[in-house]
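Examination of the molecular architecture
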Amino acid sequence: MTILSVPLGDRSYDVHIGTLTAEETAERLAEAMGNPSGVAVLVDEHVAEVSPRVAPLLAALAARLPCVRMFRLPRGESAKNLAAVERTCQWLAESGYDRGSVIVGVGGGAATDHAGFVAAIYLRGIAFALCPTTLLAAVDASVGGKTGVDIPAGKNLVGAFHQPCVVAADLGFLGTLPGRAIAAGMAEVVKAGLVADAELFASLEAILGPALGPERLPAAVARAVRVKIDVVSEDERERGRRAILNFGHTFGHAVEAASGYELLHGEAVSLGMLAALALGEARGVTVPGLAARTRGLLAKLGLPVDVKARVSPAVLDRMEVDKKRRSDKVRFVFVPRPGEAVLHDIPLAELKQELQSAI
Ligand SMILES: NC(=O)c1ccc[n+]([C@@H]2O[C@H](COP(=O)([O-])OP(=O)(O)OC[C@H]3O[C@@H](n4cnc5c(N)ncnc54)[C@H](O)[C@@H]3O)[C@@H](O)[C@H]2O)c1
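Residues numbered from 1 in each chain as written. Predicted model: local features only at pLDDT ≥ 70, side-chain atom pairs only at ≥ 80, totals over all residues. Heavy atoms only, no water.

The secondary structure content of the protein chain amounts to 14 helices and 12 strands. Referenced to the eigenvectors of the C-alpha coordinate spread, the extents of the protein chain come out at roughly 60 × 40 × 35 Å. Contacts spanning at least 24 positions in sequence make up 74% of the contacts within the protein chain whose residues lie at least 6 apart. Total accessible area on the protein chain is roughly 14400 Å²; 52% of this is exposed by carbon and sulfur atoms. Averaging the locations of the 38 positively and 40 negatively charged side chains of the protein chain gives two centres separated by 2 Å. (Helix = DSSP H or I, 4+ residues; strand = E, 2+ residues; numbered from the N terminus. Contact = heavy atoms within 4.5 Å. Areas by Shrake-Rupley, 256 points an atom, 1.4 Å probe, with all protein chains shown as cover. Lys, Arg positive; Asp, Glu negative; His and termini not counted. Charge placed at Lys NZ, Arg CZ, Asp CG, Glu CD.)

Pasting the structure below:
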């Protein structure tokens, strides 16, 4: 097991990564919680149904902590809306959970975003712990304290910064995750390598097969989490450097939305990273050939790489609602070479035109 610490003063916490037993996970969570008055375990309903790891985890928590009860969240993204948040808060109140209670979020990034947001607002804020069950949630969503839900105007437009007290990423949960979702999570691992860890990027390129075996996955996850921790601990509220984690997301979000969310987030990020690298090469910011190398790696991992097929005026227009936009400029992330990222503010009209010709 790898333990990484997120250094944020009195809000610091540990991230435990590995194939953990239910006992180990419960032990880590109980240690971090201290003496809670109750523990509300919010679980993605699909995970509760298909994963053999949920029941033992609940039993192990109940053996150590008071008032452990489970509440099922709607599956995946359908948990990320204000109506679902209200239902969870209502259940917490009716069940008597008070300020001394702790929430545990179990599921993918949607469930962890929901659980964190509920913890940020229930009784004006209570503590929470996370057990990510997808690769994307393990490497990205569960770490860093961004919580929130979607509204009809757009994804993640309502939320709060609220850090968990501990994250236990039991990679055993990935056993029931479809291959497509694993590949989508790998896109974020590639992103971490590209923006801040050249060695991680090189080690992914060196893999022969499409997937990392159980002997290599934990190390790659830990390196990607390390990148996120380094960036977040320097810029918790995304006032500057944290924006480098949005590499591939400007075009990615636009493609994801334009596909009607048929593309998984990581698949859209794969296309977004390739678009950003092509634009970087066209502008002379990115070393020539990096787009082709990355395309080879992403294709090997089973991710979509045909950017040309996805670009259209409608997609480019979607970039206008991107949260990263400041007045008429977009803060765009470029990767000059693996392990390095820079931010450029580009007028939206210029960006659209350049992207179209670079792709
Ligand atoms: N807070 C952050 O910093 C941050 C970062 C990245 C992404 N996100 C958010 O994360 C969400 C995407 O997360 P995701 O990709 O994990 O998807 P998800 O949470 O929507 O889960 C995808 C599907 O996988 C299922 N699932 C989850 N774990 C499973 C398991 N172990 N076995 C079988 N099925 C399982 C879910 O039920 C769901 O149907 C988005 O809402 C995104 O905005 C947040």
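Around the ligand sit 24 residues in total, of which Glu 77, Gly 109, Thr 133, Thr 134 and Thr 176 are the nearest. Within the backbone of Lys 146, one N or O atom sits 2.9 Å away from a nitrogen atom of the ligand. Contact between the ligand and Thr 176: a nitrogen atom at 2.7 Å from a side-chain N or O atom of the residue. Within the complex, the protein chains bury 86% of what would otherwise be the 860 Å² of accessible surface of the ligand. Only α2 (45-50), α5 (109-121), α6 (135-141) and β8 (154-161) provide two or more residues apiece to the shell around the ligand. The residue makeup of the shell around the ligand, split by class, is 7 nonpolar, 8 polar and 9 charged. (Near = heavy atom within 4 Å. Polar contact = N/O pair within 3.5 Å; in protein donor to acceptor, adjacent residues only side chain to side chain. Nonpolar A, V, L, I, M, F, W, Y, C, P; charged D, E, K, R; others polar.)

Before going further, it helps to spend a moment on the nonpolar core. Core analysis: the biggest nonpolar cluster contains 96 residues, and Ile 103 and Phe 251 have the highest contact counts within it. Of all the elements, helix α9 (residues 217-234) adds the most residues to this core, at 10 residues. Each of two domains, domain 1 (2-176) and domain 2 (179-358), supplies a minimum of three residues to this core. Leaving out residues up to four positions away in the same chain, Phe 251 has contacts with Leu 271, Gly 272, Ala 275, Val 307, Val 311, Val 315, Leu 316, Met 319, Leu 355 and Ile 359. Among the nonpolar cores identified, the runner-up in size contains 25 residues, and Val 41, Val 102, Val 104 and Ala 168 belong to it. (Core = buried A, V, L, I, M, F, W, Y, C linked by side-chain atoms within 4.5 Å. Buried < 20%, exposed > 50% of the residue type's maximum accessible area, 1.4 Å probe, protein only. Domains from an automatic or database assignment.)

Next up on the list: helix α4 (residues 82-94). Helix length check: α4, at 13 residues, gives a terminal C-alpha distance of 18 Å against a target of 18 Å (1.5 Å per residue), a fit within 8%. Among the residues of α4, Ala 84, Val 85, Thr 88, Cys 89, Trp 91 and Leu 92 are the ones counted as buried. Buried residues along α4 cover an arc of 160° about the axis, so they all sit on one side. Summarising the geometry of α4, the exposed residues directed more than 90 degrees from the buried face are Glu 86 and Glu 94. (Expected span 1.5 Å × (residues − 1). Arc of directions from axis to C-beta.)

This paragraph deals with the domain arrangement of the protein chain. Under the domain assignment, the protein chain is made up of domain 1 (2-176) and domain 2 (179-358). The centre of domain 1, based on its C-alpha atoms, is set 26 Å off from the matching centre of domain 2. Residue-level contacts link 24 residues of domain 1 with 26 residues of domain 2. Carbon and sulfur atoms make up 69% of the surface buried where domain 1 meets domain 2, a total of about 2300 Å² over both sides. Summed over the three residues of domain 1 that lose the most area to domain 2, namely Leu 135, Val 139 and Phe 161, the buried surface amounts to 26% of that side. (Buried area = accessible area lost by both parts, 1.4 Å probe.)

Burial analysis of strand β9 (residues 166-170) places 5 of its 5 residues in the buried class, the great majority of the element. Burial of the side chains of β9 extends over both faces: Val 166, Ala 168 and Asp 170 are buried on one face and Val 167 and Ala 169 on the other. Looking at chain direction, strand β2 (residues 13-18) and β9 are connected through 5 bridges and run parallel. Considered in β9, the bridge of Val 15 is made with Val 167. One ladder, built from 2 bridges, connects strand β6 (residues 127-132) with β9; its direction is parallel. Among the inter-strand pairings, Ala 129 is bridged to a residue of β9, identified as Val 166. (Pairing = 2+ DSSP bridges.)

Turning our attention to the side chain of Arg 242. Assignment of secondary structure puts Arg 242 in the loop between α9 and α10 (249-258). Of the side chains bearing the opposite charge, Glu 238 lies closest to the buried Arg 242, which forms no salt bridge; the N-O distance is 4.4 Å. At 3.1 Å, the side chain of Arg 242 and the backbone oxygen of Gly 144 are in polar contact. (Salt bridge = Lys/Arg side-chain N within 4 Å of Asp/Glu carboxyl O.)

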